[in-house]
Amino acid sequence: MVLDTTGERLARVVHWGADLGADIDLDALVSATDPPLARATLDVRVPVSLVPERAAGYRGRPGLSGSREGLAWSPSLRVASQEWAEPEGGVVMAEDPDAGLVLRSELRLAPSGLLRVRHALRNTGSDTYQLDELACLLPLPAVAGELLDLTGRWCRERSPQRRPLGQGVWRREGRHGRTGHDAPLMLVAGTPGFGFRAGEVWGVHTGWSGNAATWAERLGDGTAVLGASELLEPGEVRLEPGQEYETPWLYATWSDRGMDGLSAAVHRWLRARPGHPRRPRPVVLNSWEAVYFDHRLERLIELADAAALLGVERFVLDDGWFGSRRDDTSGLGDWHVAEQVWPQGLEPLIDHVRGLGMEFGLWVEPEMCNPDSDLYRAHPDWVLGVPGRLPPPWRHQQVLDLANPDTFAHVRDRLAALLDEYDIAFLKWDHNRGLVEAARAGRPAVHAQTLAAYGLLDELRSRYPDLEIESCSSGGARVDLGILARTDRVWASDTNDALERQAIQRWTALLLPPELIGAHVGPSRARTTGRTHDLSFRVATALFGHFGIEWDVMEGTAEERAALADAIAFYKRVRGLLHSGEVVRGDHHDPAAFLHGVVAPERDAALFAYVQLATSVAETPGPARLPGLDPERRYRVEPVPLAGGPVPAQAEPPAWLAEGGVTLPGRALATTGLQMPVLQPEQALILHLNG
Ligand code: DGJ
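For clarity, every value in this text was computed on a predicted model and none was experimentally measured. (Residues numbered from 1 in each chain as written. Predicted model: local features only at pLDDT ≥ 70, side-chain atom pairs only at ≥ 80, totals over all residues. Heavy atoms only, no water.)

Asks: Describe unusual backbone geometry, naming the residues involved and giving the relevant values.
Replies: Backbone phi values are negative for most residues with the exception of glycine, while trans is the configuration of most peptide bonds. Here the amide bond leading from Glu-86 into Pro-87 is cis, since omega sits at 0°, within 30 degrees of zero. Mapped onto the elements of the fold, Pro-87 is located in the loop between β4 (78–85) and β5 (89–96). Positive phi values are uncommon outside glycine, yet Ala-40 reaches one of about 55°. Tracing the backbone through its elements, the reader meets Ala-40 in the loop between α1 (26–33) and β3 (64–67). For Ala-40, a relative accessible area of 89% corresponds to the exposed category. The residue Glu-437 is not glycine, and still its phi comes out positive at about 50°. Summarising the element assignment, Glu-437 is placed in the loop between β24 (426–429) and β25 (439–440). (Helix = DSSP H or I, 4+ residues; strand = E, 2+ residues; numbered from the N terminus. Buried < 20%, exposed > 50% of the residue type's maximum accessible area, 1.4 Å probe, protein only.)

Asks: Describe the packing of aromatic side chains, naming the residues involved and giving the relevant values.
Replies: One pass over the structure, following the stated rule, counts eleven aromatic pairs. Measuring from centroid to centroid gives 6.3 Å for Trp-335 and Trp-363, while their planes differ by 55°, and the two rings are tilted. Of the two residues, Trp-335 sits in the loop between β20 (314–317) and α5 (347–355) while Trp-363 sits in strand β21 (residues 359–364), which places them 28 residues apart along the sequence. Take Trp-335 and Trp-363: they sit in the same class, and that class is buried. Sitting above the plane of the Tyr-454 ring, Arg-486 keeps its charged end 4.0 Å from the centroid. In this structure, Arg-506 is placed above the aromatic ring of Phe-594, and the distance from its NZ or CZ to the ring centre is 3.9 Å. (Phe/Tyr/Trp six-rings, centres within 6.5 Å; stacked < 30°, edge-to-face > 60°. Lys NZ or Arg CZ within 6 Å of the ring centre and 35° of its normal.)

Asks: Can you lay out helix α2 (residues 259–272) for me, pointing to particular residues and giving the numbers?
Replies: Since the α-helix turns once every 3.6 residues, residues separated by three or four places project in the same direction. End to end, α2 covers 20 Å across 14 residues, agreeing with the expected 20 Å (1.5 Å per residue, within 8%). In terms of burial, α2 is largely enclosed, as twelve of its 14 residues are buried. (Expected span 1.5 Å × (residues − 1).)

Asks: Any chance you could break down the site of the ligand for me, citing the residues and the numbers?
Replies: In the region of the ligand, 13 residues are neighbours, and Asp-318, Asp-319, Lys-428, Asp-430 and Asp-494 sit closest. Within the backbone of Gly-475, an N or O atom sits 2.9 Å from an oxygen atom of the ligand. Protein contact buries 98% of the 290 Å² of open area that the ligand shows by itself. Among the residues forming the shell around the ligand, the class breakdown is four nonpolar, three polar and six charged. (Near = heavy atom within 4 Å. Polar contact = N/O pair within 3.5 Å; in protein donor to acceptor, adjacent residues only side chain to side chain. Areas by Shrake-Rupley, 256 points an atom, 1.4 Å probe, with all protein chains shown as cover. Nonpolar A, V, L, I, M, F, W, Y, C, P; charged D, E, K, R; others polar.)

Asks: Account for the pairing of strand β6 (residues 101–109), with residues named and values stated.
Replies: As judged from the eight bridges shared by β5 and β6, these two strands associate in the antiparallel manner. Each bridged residue has a counterpart across the sheet, and for Ala-94 the counterpart in β6 is Leu-103. Joining the antiparallel neighbours β5 and β6 is a turn of four residues, in which Gly-100 adopts a positive phi near 70°. Pairing geometry for β6 and strand β7 (residues 115–123), over nine bridges, is antiparallel. Bridging from a neighbouring strand, Arg-104 pairs with Ala-120 of β7. A loop of five residues connects β6 with β7, the two strands running antiparallel in sequence, and Gly-113 in this loop sits at a positive phi of about 100°. (Pairing = 2+ DSSP bridges.)

Asks: Run through the sheet that holds strand β35 (residues 634–640), naming residues and quoting values.
Replies: The strand order β31-β32-β33-β38-β35-β36 describes an open sheet built from six strands, whose pairing is antiparallel. Every other strand in the sheet has two partners, leaving β31 (582–585) and β36 (662–665) as the edge strands with one partner each. On average, adjacent strands in this sheet sit at an angle of 25° to one another, irrespective of strand direction. One ladder, built from seven bridges, connects strand β32 (residues 593–599) with strand β33 (residues 605–612); its direction is antiparallel. Bridged to Phe-594 within β33 is Val-611. Sheet contacts for helix α11 (residues 558–578): β32, β33, β35 and β38 (683–690); angle to β33, the most-contacted strand, approximately 110°. (Axes fitted to C-alpha atoms, helices over the stretch in contact; angles between N-to-C directions. Contact = heavy atoms within 4.5 Å.)

Given below as structure tokens:
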């Protein structure tokens, strides 16, 4: 990134993209990037500064919007001080004394190439300043002519959508009070036709779990930007004299090798964080799809015994263990173990699980309550809503007002009491509704609620530093780097249908490395879609995340359980590679198949999956190119017959497969590729490479 920090105004972004080298003549670069003045327009050049201003002539969506009852609506910020350290970034202070505003802008560039930007605005005036929007914007070059972002719904999170970037605004808004099933995850702009492995691309992500907007805008003057901000409701942020508002971090990446390069920069940055999970990701068994609300000690003990025999390392008790929570209509908010179903408390189960050598995990949904709960009956004023009416119900529940210190303290203390009483290594932290008309004292409340939820997580984490937390929200509706600054993995989706999961995990990995993506083997007939899948396909799908099981394994045959145990043993052998290597996704020629994998940091090993999603049009699917390998290194490629391996649909397999493998240099594997077998749909071939 090159910034022009000369002059009084906020820095202009001269270049965001390829490393231009340390010896670049910056004056020459500034001169080379200075646009001409067109006719019949402003007589001055209008830069895309860090916070583009109307006062400078900017005619797109401005960086800062707000006013003092209609005044001070168009600030003209002048730089007061700036500190830069190359290449890490810096801080700029700018002010407009007439408008009574001071802006602090911070840019951080990580060695992985990930850029983080945020701003903070302080009201130095003598009356209230209503902030409507403070955005982080970065300019795009003219070659970025196509956009990709993600959208979706419950059980179909993170579906890609593409469009050309013409003049105008493509803006994605999330007003769910949580990140949302339909969140863009990353807005990518690139050279038309960009893919996972090709094209020059620029991507942004907002690290925020409340309301947010992300957009791309191309102006009539030819400039284009990517932008993002917290989405504020009318009057939501009113800065009294001396008060400050800070934006979420904008995470921005660039790559000249397609979207895999964007992912690699984010993954490397995440993995370098001091708080990134370091222990091998334990194999999980979650009780939800095995027993739902039917909690019976004997049954759960049997499940735990079966899990331990398979090699499971963490047993998680899901929803239904507390208060009157026998279904989803009541009890939420009453964080006391249900005496009716657990007369001796959770101890007998936890002791048993611990005795089997597994960790114990527990489901909670701390931000919510059912109106049919002791909590709500005692404190009806603790929920968010406009006075006199409750927001429309969603899964029979309402949202607790965590910005109320009494509510916050109550929830924190109940969770702490559980964590003190029981040997709990892991919380599955759920959040099962969108926030609609969320208000406290009549005012919009999502901003304060999001910060309060972060505060609750932060307090618990500092008190219980070894506790791991999963971010779940009706499946994958809270997947963002704001929540991941205080949690250890996400539940990517409530669908355990392996076919759906192939796409969901592929696109979730645009932002997150596999070790942060919970991926479980579900029952053979998927509960959410009714599709039936072989164990081999379910295992091959869950393998590329943080592996677990969400199935009453006693339903499986003895043969299936033995195969699952073998698959778990294999996961344990390869999780070091899977959770440290680079994620690669081929731009495979056949739309009926996916090719993806993980290549070890030293590029001496890799694991790939060739996934037959549907039937291919061609008789034989053709060769798959295995990208991301060391071109000079020779690799031994061998199929891994997980749980019986994929069912073939061919007279004879390709020669190399019939011979049990092949040894070729990375260059050949990436260019000529390997002929793939003809597979039945919804089957996957796993390949292990060693070089
Ligand atoms: C929604 C989650 O996504 C599920 O995995 C499960 O925990 C249920 N909530 C429990 O109510």
